[in-house]
Every structure is written in structure tokens, then in C-alpha cells.
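Notes for the structure review
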Protein chains: 2
Amino acid sequence: MKLQIAVDITDTARILEIAKGIYDIIDIFEIGTPAIIKEGLSPVRKLKEKYPDLCVLADSKIVDGGKIEAQNICESGADIMTVLAFADNTTIAEVVETAHAYGRKVLADLICIKNIRGRSAELIDLGIDYIGVHTGVDMQKSGRTPIGDLHELLASVPRNMVAVAGGIGIKTLHSYVIQKPEIIIAGSALYSAPDIRTAVLNMKEAMK
Amino acid sequence: MKLQIAVDITDTARILEIAKGIYDIIDIFEIGTPAIIKEGLSPVRKLKEKYPDLCVLADSKIVDGGKIEAQNICESGADIMTVLAFADNTTIAEVVETAHAYGRKVLADLICIKNIRGRSAELIDLGIDYIGVHTGVDMQKSGRTPIGDLHELLASVPRNMVAVAGGIGIKTLHSYVIQKPEIIIAGSALYSAPDIRTAVLNMKEAMK
């Protein structure tokens, strides 16, 4: 199992400061969508320049223009990019083809997808590398969690393709760990912690 | 009817050059998603600094984090932002609430939505300003156009809320104009034209 920190902060200096503290212990460092919409791919580029061995995911949420978007993201140095699972199959196929030509990987984000089993089967046919269930930050406000969706996804696709995101913290981590997804994504529980490095180490320990 | 140019170019200098040639005749100037993913909101900011009276749309395609994304976009100066119609209602409500607090508008992009009538009714209840049918660039490759979707949308919501996008050029413009949507969006037919100003003037003339 891998731990991914989703850094939903838009300040590039702060993103780099966070990376400095955990680059040697975090499995995947995610530049969140808020940073990309505000700053573009510049934080990804700066992060890869400074830490070339760090696995960086750009939460690009591509939904159209698959080839051009994937090309730009690959050229920024990102190791993994995200595409929305509800995008048209043509778009997903273009993102996968382009990313793979650069030796990069693609995670399909199932946010707002109802038919997890059906869509996941199609995503596998399209050559996607990872599939993630995702309860958005706005959906979390009504108490929703991705636990049920994770269960359904794990029943549908190989374990080593599965990612889960949506308000996961140290207190709720166990219920995800026992299901053994490939990637567990934590956001503010990590980046808003008073000591981010300790928070990451504690989660990594709980995932053993 | 308004004409919107969708500038799917990622080079900010080129975007500003295009704006210089047409800022006084184009109704809405769209900074496309490729520019936002690559450069962030900086092209929007630069455009509004230079042309404060130009109506600028940021094709942000928000799907989560409605409040923070909308805030960042409003602070960049954009007059209109886009949210994906596929997003959760909570997200759409947050985008609308935040944008309206700043006196800005929100266009919901129906890309990949099958149930146009049903979803549009919900979007109106959520307070959205514009609803756009949109055949993505990747979908256009198989010959798809937004003409049927436009017909369906116009049968479902008030005419002055309706936008249409998807490969529209001077040759196909008439079939959209006769349906009288509020906003007609043209992309490469305008920004790739040898003389962009003339191309815009020709389309405006054909929309009279």
C-alpha cells in the first residue's frame, strides 16, 4: 500500500516547504486541483526539479482535449495525472496513450460516478493504470465517505489498481487499510497537521 | 445572441495578442482549459488588467472544492466561470453562491451529460446563470456535433440561459443561429483563422 498526500494548497512556496519535510517518506505527492487552476503546472515543475525521484501526481481532472492536456502535464514532469472517469472514452484513450508514450501513468477519478463496477470495467479496457473512488470535499460536508465505494471498486478490479480518497484521517484510516487498496490518499489530515512529517509517519506505520 | 471565442491556446503572449486584435468586437473572451491547466489563472488576470471592460470567461470546469475554486477565479477578475454539470449539487451550489457574492456568473457545462432536460432543471434550481451543451474536441473527431443537444436544451430552459459549443465554424454557424441560443462559442474556427478580426466580424454579421 502507498500513501499519497493530496496538497490542496495554492501557495507554491508552501507546497515546496511541505515537500521539503516529507519527500523522503511520502510515496506519492499530489499537487491538488486548486493549485493547478490557480498556478498551472508550475508547482509540479518546481517540485520535480527539486526532487526528481519524488513521485508527483498532478490532479489535473482532464475531461476533454486528452492529448494536449496529457502532453503538457507530461512535459511538466508529473509521474501520474488524473482524468475524470465520466469523460468521453475518446478523451480517456488519448490521455492514456499520451501518458504511456512518456512512460507516465493515469489515474481515473470516479468522482460523481454511480455505476462503479460498469465504468471500471470500461476504464480497464481503455488501459487506465489506477482507478480511484473519491468523495469530494463538498460531498464530505454531508457526512459522506468513500468506504462503500471502495468496497464496490475492490470487488470489481484488481487490488493493485485501486485508490481511495475523501476525508481520510488517522482515526478512520484503519477501515481503509483493512481493505488493502493500492493507494490511500489523505489531504488536510496530513497537510494541516501541526507536524506534517510525524502525521505522515504515523499513517505509514498504521498502514503496515 | 453573443459570440464567444474559446481560445484553446496555452501561450499567454499569443492569447494577449489575439485579445488585442478583437477586444472591441468580441462579446466574450474565453481562456480555455488548456491555458488554465498549464498557466493557471495568470492569463485571465493579465487580460482583465489590460482590458477591464472585456467580458472574460475562465473555462475552469470546476468539479469539486466549489468555494475555494470560485474564490480564486473571482479574484483573478474573470466575469464568468464554468462548472461541470456532472459535479455534485453541493459543489455547484457553492460555485454559484461564491460567484454571485462577487457579482460574477456561472456557466454549467453539460459535457458528457446524457439527460439534458432533467439535469438542466436541477441546474436552474441551483441558481446557475448559463447552461451550455458541449461536444468536446475529442468527441468531434467521430463527427459528433452539438446540434441535437442544443435543440433539446432550448426545449428545456429559457433561451437567454443557453450556450452552445463544439466545432462551430462559419459554414455550420447558420444551423445554430436559427435556434437563437444566448451564446454561440467558436474555437479554432476563429483563433486559427488567418485574420482573426475578420473571422469574428464575419461570424457576428452572420448572427444578425
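Residues numbered from 1 in each chain as written. Chains lettered and ligands numbered in written order. Predicted model: local features only at pLDDT ≥ 70, side-chain atom pairs only at ≥ 80, totals over all residues. Heavy atoms only, no water.

**Quick look at the environment of glycine 169 of chain B**
All names here are of chain B. As for its placement among the helices and strands, glycine 169 is situated in the loop between strand E7 (162-165) and helix H9 (173-177). The class for glycine 169 is buried, based on a relative accessible area of 12%. Taking C-alpha positions, glycine 169 is 26 Å from aspartate 53, a pair spaced 116 residues apart along the chain. For glycine 169, the contacting residues outside a window of four places in its chain are Ala189 and Met203. (Helix = DSSP H or I, 4+ residues; strand = E, 2+ residues; numbered from the N terminus. Buried < 20%, exposed > 50% of the residue type's maximum accessible area, 1.4 Å probe, protein only. Contact = heavy atoms within 4.5 Å.)

**With respect to the packing of aromatic side chains**
Residues and elements named next belong to chain A. For the structure shown, the criterion picks out three aromatic pairs over all chains. With centroids separated by 4.6 Å and ring planes inclined at 25 degrees, the aromatic side chains of tyrosine 23 and tyrosine 51 adopt a geometry described as stacked. You can see tyrosine 23 sitting in the loop between helix H1 (12-22) and strand E2 (28-31) and its partner tyrosine 51 sitting in the loop between helix H3 (42-50) and strand E3 (56-62), a full 28 residues away along the chain. (Phe/Tyr/Trp six-rings, centres within 6.5 Å; stacked < 30°, edge-to-face > 60°.)

**Describing the packing of H1 of chain A against helix H11 (residues 196-206) of chain A**
All names here are of chain A. Contact geometry for H1 and H11: axes closest at 9 Å, N-to-C directions at 55 degrees. When the axes of H1 and H11 are compared, the pair comes out oblique. Judged by the twist between their axes, the crossing of H1 over H11 is right-handed. The residues of H11 that touch H1, namely those facing Arg14, Ile18, Gly21 and Ile22, are Ile196, Arg197 and Val200. Considered class by class, the residues forming the contact of H1 with H11 number four nonpolar, one polar and two charged. (Axes fitted to C-alpha atoms, helices over the stretch in contact; angles between N-to-C directions. Parallel < 35°, antiparallel > 145°, perpendicular 65-115°, else oblique. Left-handed = near helix turned anticlockwise from the far one by under 90°. Nonpolar A, V, L, I, M, F, W, Y, C, P; charged D, E, K, R; others polar.)

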